[in-house]
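Here's the letter readout for the chains.
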Amino acid sequence: MTRRFAILLALVASLAAPLAAFAQSVYVAAMRGQAGTSNVMSGLYVVNLANGAATFVTPLRAPNGGPVAITGLGVDPVTRAFYGITSNLSPNAPQSLVMLDPQTGSLSVIGHMELPGTDIVFDNAGRLLMWLPSTRQLATVDLKTAHVTPLGPPGPPDAFGGLAVDQGGVPYVTPTGASGTLDTVDLATGEIKTGPQLKGAPFPGAITAMTFTPSGMLLAINSNVGSPAAAKLVAINTSTGAMAEIANLPEDSDAISYAPPPHGMSEILATMSGRTLALLALVVGLVLAIAGMFAVKWMRRR
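Residues numbered from 1 in each chain as written. Predicted model: local features only at pLDDT ≥ 70, side-chain atom pairs only at ≥ 80, totals over all residues. Heavy atoms only, no water.

Asker: Give a detailed account of the sheet that holds strand β10 (residues 137-141), specifying residues and quantitative values.
Answerer: Across the sheet, four strands lie side by side as β8-β9-β10-β11; this open sheet has antiparallel pairing. Both outer strands of the open sheet, β8 (119-122) and β11 (148-151), are each paired with one neighbouring strand and no more. Each adjacent strand pair in this sheet contributes to an overall mean axis angle of 30°, direction not counted. (Pairing = 2+ DSSP bridges. Helix = DSSP H or I, 4+ residues; strand = E, 2+ residues; numbered from the N terminus. Axes fitted to C-alpha atoms, helices over the stretch in contact; angles between N-to-C directions.)

Shown next as structure tokens:
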């Protein structure tokens, strides 16, 4: 029985890793996709926050099969649907709002946006927000038409800017780069309130994207804005602006979003790979077999 129990433990351990990913999944989109595949313009990765490892999931493709450049990523907290915005330099569907399948990488284009954005996020009311670097404004994006509505007065242009919304519904932005400030935006007026000075960035270039985890940690992509661009995953203290490096990210990483876990067991099973489902079946079968053997022995003793 000792050997069987050891096998059971090994199977459970191998199954635990993919299941644990549902507890806290952080997705990153990189412009150049998987290393060595120059024909892939954008690839999707899952980041393990425990060790910082980024695992390649799938290339991201336009409906015509061509490559795209994703520059912003957001997950609807209610429907769990993945949305993205493409760069205005994307070879296919430029400057567009898209929906994407995180397992296959296939995209459907919702529409062309009047203004380019650098990052997107859903607020607590379910609205899709986008940062407009050309006018330094927050904007809402219509999920059905891709129409962009700027909020508040315009400001001086910038090339980058990460955007995230905390659990209290407050939007945080980084319009002035990795050496600038971590600002907040009043959703009612669109007014930007200057926050703490950012400090400790591995690269002085830019903060290209941000996301909050359920625990309240603000994660961000810090880029050196090179070609290709080196990128780091960092955590930002919202009170002090201090940054802590977590891990290296794939080159040209430019979008990040936390993804809530699936709603129920059926949804969890639907997102599992064939290998994970096979392991689950083996574990269940082995548990039942061992339980049956114990039951037989117990009956014989009686």
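Additional details are given in the paragraphs that follow.
Asker: Account for the pattern of salt bridges, with residues named and values stated.
Answerer: For the coordinates displayed, the defined rule picks out two salt bridges. We note a salt bridge from R127 to D123, for which the minimum N-O separation is 2.9 Å. Judged by its relative accessible area of 36%, R127 falls in the partly exposed class. Residues E245 and K232 are paired through a salt bridge, measuring 3.0 Å at the closest nitrogen-oxygen approach. Highlighted residues: E245 in strand β19 (residues 243-249) and K232 in strand β18 (residues 231-236), separated in sequence by 13 residues. (Salt bridge = Lys/Arg side-chain N within 4 Å of Asp/Glu carboxyl O. Buried < 20%, exposed > 50% of the residue type's maximum accessible area, 1.4 Å probe, protein only.)

Asker: How would you sum up the environment of T174? Please name residues and give values.
Answerer: One can find T174 in the loop between β13 (171-173) and β14 (183-185). If sequence neighbours within four positions are ignored, T174 has contacts with F160, G161, G162, T181, L182, L198, I207 and M210. A polar contact is formed between the side chain of T174 and the backbone nitrogen of G162, at a distance of 2.9 Å. (Contact = heavy atoms within 4.5 Å. Polar contact = N/O pair within 3.5 Å; in protein donor to acceptor, adjacent residues only side chain to side chain.)

Asker: Can you lay out the sheet that holds strand β3 (residues 54-59) for me, pointing to particular residues and giving the numbers?
Answerer: With antiparallel pairing, four strands are arranged side by side in an open sheet as β3-β2-β1-β20. Bordering the open sheet on either side are β3 and β20 (253-259), each of which pairs with just one other strand. In this sheet, adjacent strand axes meet at a mean angle of 25° when their direction is disregarded. Two strands pair when backbone bridges link them, and strand β2 (residues 43-47) and β3 are joined in this way by five bridges, in the antiparallel orientation. The residue bridging Y45 from the neighbouring strand is F56, located in β3.

Asker: Summarise the nonpolar core; cite the residues concerned and give the values.
Answerer: L44, L60, I70, L73, F82, L100 and L107 are the most contacted members of the largest nonpolar core, which totals 15 residues. When residues of this core are traced back to their parent elements, those giving at least two are β1 (25-30), β4 (70-75), β6 (96-100) and β20. Among the elements that make up this core, the one with the highest residue count is β4 (three residues). Beyond its immediate chain neighbours, meaning those up to four positions away, F82 contacts Y27, L73, G74, V75, V98, M99, L100, P102 and A259. Ranked by size, the runner-up nonpolar core spans 14 residues in total, among them Y83, L97, L128 and M130. (Core = buried A, V, L, I, M, F, W, Y, C linked by side-chain atoms within 4.5 Å.)

Asker: So what about unusual backbone geometry? Which residues, and what values?
Answerer: With an omega of 0°, the peptide bond between S227 and P228 qualifies as cis. With respect to the secondary-structure elements, P228 resides in the loop between β17 (218-223) and β18. Residue R136 is not a glycine yet carries a positive backbone phi of 50°. With respect to the secondary-structure elements, R136 resides in the loop between β9 (128-132) and β10. The class of R136 is buried, set by a relative accessible area of 19%. One non-glycine residue, D252, adopts positive backbone phi at about 65°.

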